[in-house]
Amino acid sequence: MANDLSLRIVIVDESPVRAAILEEGLKEAGFQNVLRITGRTNLLERIYAIDPDVILIDLEDPSRDTIEQMFQVSREVKRPIAMFVDQTDSKTIEDAIEAGVASYVVDGLRKDRVKPILETTISRFRAFARLKAELEEAKSQLEERKVVDRAKMILMKMKGIDEETAYGLLRRTAMNEKKRIADIAQSIITAAELLR
């Protein structure tokens, strides 16, 4: 993606001079599809309308409210975001990472650094997205496992069978009905709750 010169890149910057540095760095690197947004009114809506592949935010010397608004953009818009600031503190850096900013660059706005920062931003975003997906999958599997365990307990209690037999019954029923074991288990739990 980083070498895809057709990327749609949005620059959020109020300073024409600083935005020009980013634009020049991107154009010199071969990126042509670069749009600049000025002003913060309806920022989220405008970003959604453009639907960019990457967002570069330059804040120079931002107020706390401005930073919070940019963090909201980062949380809402699931895109790689690089944020350029001139000065910061550890709390703001922590908040930026927590909000999903992939690259937080302090005092580093130079056109020769734009391409490597863009590539790093995209790579970090992808790595984080992969980790997040893996975490969600693990949580889902854990929840399904809990459902299956609960259904096994219900079957063991109602039918007077051991755990292995209960699981075998769940598995056989799932195969016969062409459903997932977790779905059959959830049906057993629902039925047991209705029959209480």
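Residues numbered from 1 in each chain as written. Predicted model: local features only at pLDDT ≥ 70, side-chain atom pairs only at ≥ 80, totals over all residues. Heavy atoms only, no water.

## Concerning the UniProt feature "modified residue: 4-aspartylphosphate" (unreviewed entry) in the protein
Rules: UniProt positions are given in the numbering used here, feature names are shortened, and annotations may be inferred rather than shown by experiment. Accessible area is worked out with a 1.4 Å probe on protein chains only. A residue is then buried under 20% of its type maximum, exposed over 50%, and partly exposed in between.
UniProt records the feature "modified residue: 4-aspartylphosphate" (unreviewed entry) for Asp58 in the present numbering. The buried category is assigned to aspartate 58, whose relative accessible area is 4%.

## Examining the side chain of aspartate 58
Convention followed: Where helices and strands are cited, they refer to DSSP runs of H or I of at least four residues and of E of at least two residues respectively, numbered from the N terminus. It only takes one pair of heavy atoms within 4.5 Å for two residues to be counted as in contact.
Take aspartate 58: it is sitting in strand β3 (residues 54-60). Filtering out sequence-adjacent residues up to four positions away, aspartate 58 remains in contact with Val12, Asp13, Arg18, Leu22, Phe84 and Leu109.

## Re the nonpolar core
Rule in force here: The term nonpolar core refers to a set of buried residues drawn from Ala, Val, Leu, Ile, Met, Phe, Trp, Tyr and Cys, joined through side-chain atoms within 4.5 Å.
Ranked by internal contacts, the top residues of the largest apolar core, which has 22 residues, are Val12, Ile47, Ile57 and Met83. Elements supplying a minimum of two residues to this core: β1 (9-12), α2 (43-50), β3, α3 (64-76), β4 (81-85) and α4 (90-99). With residues up to four places along the chain from it excluded, the contact list for methionine 83 reads Ile57, Leu59, Met70, Phe71, Val101, Ser103, Tyr104 and Val105. In terms of nonpolar packing, the next biggest core, distinct from the first, is built from 18 residues, Ala19, Ala82, Val105 and Ile117 among them.

## So, the pattern of salt bridges
Keep this limit in mind: What counts as a salt bridge is simple: a side-chain nitrogen of Lys or Arg found within 4 Å of a carboxyl oxygen of Asp or Glu.
Counted under the stated rule, the structure contains 16 salt bridges. Between arginine 18 and aspartate 86 there is a salt bridge; the shortest N-O distance is 3.3 Å. Note that arginine 18 is positioned in helix α1 (residues 16-28) and aspartate 86 in the loop between β4 and α4, a separation of 68 residues in sequence. Overall, the relative accessible area of 28% leaves aspartate 86 in the partly exposed class. With a shortest N-O distance of 3.7 Å, lysine 115 and glutamate 119 are connected by a salt bridge. Highlighted residues: lysine 115 and glutamate 119, both in helix α5 (residues 111-159), separated by 4 residues, approximately one helical turn.

## Brief notes about the domain arrangement of the protein
Inclusion rule: What counts as a domain boundary in this text is fixed by an automatic or database domain assignment.
Domains assigned within the protein are domain 1 (2-133) and domain 2 (138-195). Once you take the C-alpha centre of each, domain 1 and domain 2 turn out to be 47 Å apart.

## Topic: the packing of α3 against α4
The condition is simple: Orientation is described by axes fitted as lines to C-alpha atoms, over the contacting stretch for helices, and by angles from 0 to 180 degrees between their N-to-C directions. By the definition adopted for this analysis, an angle is roughly parallel if under 35 degrees, roughly antiparallel if over 145, roughly perpendicular if from 65 to 115, and oblique otherwise.
Taken N-terminus to C-terminus, the directions of α3 and α4 make an angle of 25°; their axes are 8 Å apart at the nearest point. Comparing their axes, α4 and α3 come out roughly parallel. Each of Arg64, Ile67, Phe71, Ser74 and Arg75 in α3 lies in contact with α4, whose residues at this interface are Thr92, Asp95, Ala96 and Ala99.

## A look at the confidence of the model for the protein
This is how the line gets drawn: Predictor confidence is given residue by residue as pLDDT, running from a minimum of 0 to a maximum of 100.
Across the protein, the average pLDDT comes to 89, with 97% of residues at 70 or higher. Summarising per-element confidence for the protein, the mean pLDDT is lowest in α3 (79) and highest in helix α6 (residues 163-177) (96).

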